[in-house]
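Observations on the model geometry
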Amino acid sequence: MNLLAGKRILLGVTGGIAAYKSAELIRRLQDQGADVHVVMTAAATEFITPLTLQGLSGHPVHLDLLDTETESVMGHIELARWADLILIAPASANFIARLSQGHGSDLLSTICLAAQCQIAVAPAMNQGMWANAATQENVRSLMTQGTAIFGPDEGLQACGEIGEGRLLDVAGIVDLTIATFPNGKLRGCKVVITAGPTREAIDPVRYISNHSSGKQGYALAEAAIEAGAEVILISGPTNLAPPNRANVIPVTSAQEMYEASMQEATGADIFIGVAAVADFRPTEVSRQKIKKDKSGSRVTITLEENPDIIASVAALGDGPFTVGFAAETSHVIDYARAKLAKKNLDMVIANNVSNQEIGFNSDENETTMIWGNQEQTLPIASKRNIATKIVGTIAEALPESHAHD
Ligand code: PMT
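Quick summary incoming for the structure in this document. Please read all numbers here as calculations on a predicted model, not as lab measurements. (Residues numbered from 1 in each chain as written. Predicted model: local features only at pLDDT ≥ 70, side-chain atom pairs only at ≥ 80, totals over all residues. Heavy atoms only, no water.)

**A closer look at the packing of helix α1 (residues 21–31) against helix α9 (residues 170–180)**
Helices that pack against each other are described as a pair by the angle of their axes relative to one another and the distance between those axes. Interaxial distance between α1 and α9 falls to 10 Å at its minimum, and their mutual angle equals 45 degrees. Taken together, the axis directions place α1 and α9 in an arrangement best described as oblique. Handedness of the α1/α9 crossing: right-handed. In contact with K21, E24, L25, R28 and L29 of α1, α9 contributes V170, I173, V174 and T177. Residues that form the contact of α1 with α9 fall into these classes: five nonpolar, one polar and three charged. (Axes fitted to C-alpha atoms, helices over the stretch in contact; angles between N-to-C directions. Helix = DSSP H or I, 4+ residues; strand = E, 2+ residues; numbered from the N terminus. Parallel < 35°, antiparallel > 145°, perpendicular 65-115°, else oblique. Left-handed = near helix turned anticlockwise from the far one by under 90°. Contact = heavy atoms within 4.5 Å. Nonpolar A, V, L, I, M, F, W, Y, C, P; charged D, E, K, R; others polar.)

**Some points on the pairing of strand β8 (residues 190–195)**
Of all six residues in β8, six are buried, a share of seventy percent or more. The alternating pattern of β8 places K190, V192 and T194 and V191, I193 and A195 on opposite faces, both of which are buried. Here six bridges tie β8 to strand β11 (residues 230–235), and the two strands are oriented parallel to one another. Across the sheet, K190 pairs through a bridge with E230, a residue of β11. Taken together, the four bridges between β8 and strand β13 (residues 270–273) define a ladder with parallel strand orientation. Residue I193 lies in a different strand from β13, and its bridge partner there is I272. (Buried < 20%, exposed > 50% of the residue type's maximum accessible area, 1.4 Å probe, protein only. Pairing = 2+ DSSP bridges.)

**Let's talk about the environment of N361**
Within the secondary structure, N361 sits in the loop between β17 (347–352) and β18 (364–371). Each C-alpha atom of the pair N361 and H211 lies 6.3 Å from the other, and the pair is 150 residues apart in sequence.

**Here we look at the packing of aromatic side chains**
This model, assessed by the stated rule, comprises zero aromatic pairs. Directly above the ring of F181 sits K7, whose terminal nitrogen or CZ lies 5.0 Å from the centroid. (Phe/Tyr/Trp six-rings, centres within 6.5 Å; stacked < 30°, edge-to-face > 60°. Lys NZ or Arg CZ within 6 Å of the ring centre and 35° of its normal.)

**A short note on the site of the ligand**
Taken together, 25 residues form the shell around the ligand, and within it S212, S213, G273, K339 and N351 come nearest. F325 has a polar backbone atom sitting 2.9 Å from an oxygen atom of the ligand. In isolation the ligand has 770 Å² of accessible area, and contact with the protein removes 95% of it. Those elements that provide at least two residues to the shell around the ligand are α10 (215–226), α12 (309–314) and β16 (321–328). Within the shell around the ligand, the residues separate by chemical class into nine nonpolar, 10 polar and six charged. (Near = heavy atom within 4 Å. Polar contact = N/O pair within 3.5 Å; in protein donor to acceptor, adjacent residues only side chain to side chain. Areas by Shrake-Rupley, 256 points an atom, 1.4 Å probe, with all protein chains shown as cover.)

So, in structure tokens, the structure goes:
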């Protein structure tokens, strides 16, 4: 079976006796249809030669961050963008520490810093090193950041000690790798996602907007792509790199987002409104910069309502399965349920934004999915993790008429 067909896996090999197992791992990942590129740390090359892994992977092995020749062919940013999954196996205690701290001191750690895709780590080290409080803290931190941890196993170690810290067996790593992909649950589906803020012009230099960064919407786009969907990402202004393989339609105002959404929603299977759309816009946009005539002067800006994008999509005859978000600071579930009913949505994601550490413009979120007579809370986790779970739930809830697999 080719359960990783078309998947691009960047295998990071770090220094440790278990590095020799990466040779077998490459083969088993390829058996499942994956295309594997290898990045080795300097320490890893002391345990297994790059030539061996190059021969097995069928691609040059990437070693140096500052190698001008390699950077000109496929540099660290290209590698980060290329990968659907970065799998670090074996991952040493030292590398786990650097990864958890966000170091960019060599090629592999820099790629991880730049990556938007899922990162998975298969630790391999002496049992004492694994049990060490610092290592455990680093692993916890990685999990909070959304990194998947594969293993470790326990048993007899190369150093002669017995305990937890052995690299998980290769078959186990391959199984967990397969499980990180939602396995084409949305294959053949067209998914339209709105993300980020909108900007409502007051005059040529000023606008009304909000604190949405686009992170949650972009994470959903990545998760839907991973699930095999064709994704149209209608994005307000953000500072984010476009997700690999998403068709991005950049917009600025709610009216532009509305027009792009209505065009793309026709024929779509799923519409997810993550954008924080401005409910109102200035009735008139001044053609010249509004001047401050004298100190203490007042300016009145009259606002008119913007179209409700998601309610319009939900009202389309034969329209897509429509999922809205509801960012609330109090009575989160009640208010979200009210939006579900009022906008005639198929699902609403209640987003608790009372805690400033999560929700708007942060890397983490806490949500409750509400659909039909079901409700499921996703506790605080990275937006990428939350996105994968939401996509999985949408795939399960999708009516036959919109499912293609
Ligand atoms: O972008 P991030 O920094 O990652 O933050 C993510 C988020 C907090 C913005 C996101 O998770 C979120 O909760 N988005 C919805 C924000 C919100 O509260 O929207 P709302 O209550 O104004 O609207 C409810 C729903 O209607 C949303 O799906 C919204 O996209 C949609 N809407 C709203 C107004 C409008 N005119 N048209 C719409 O489609």
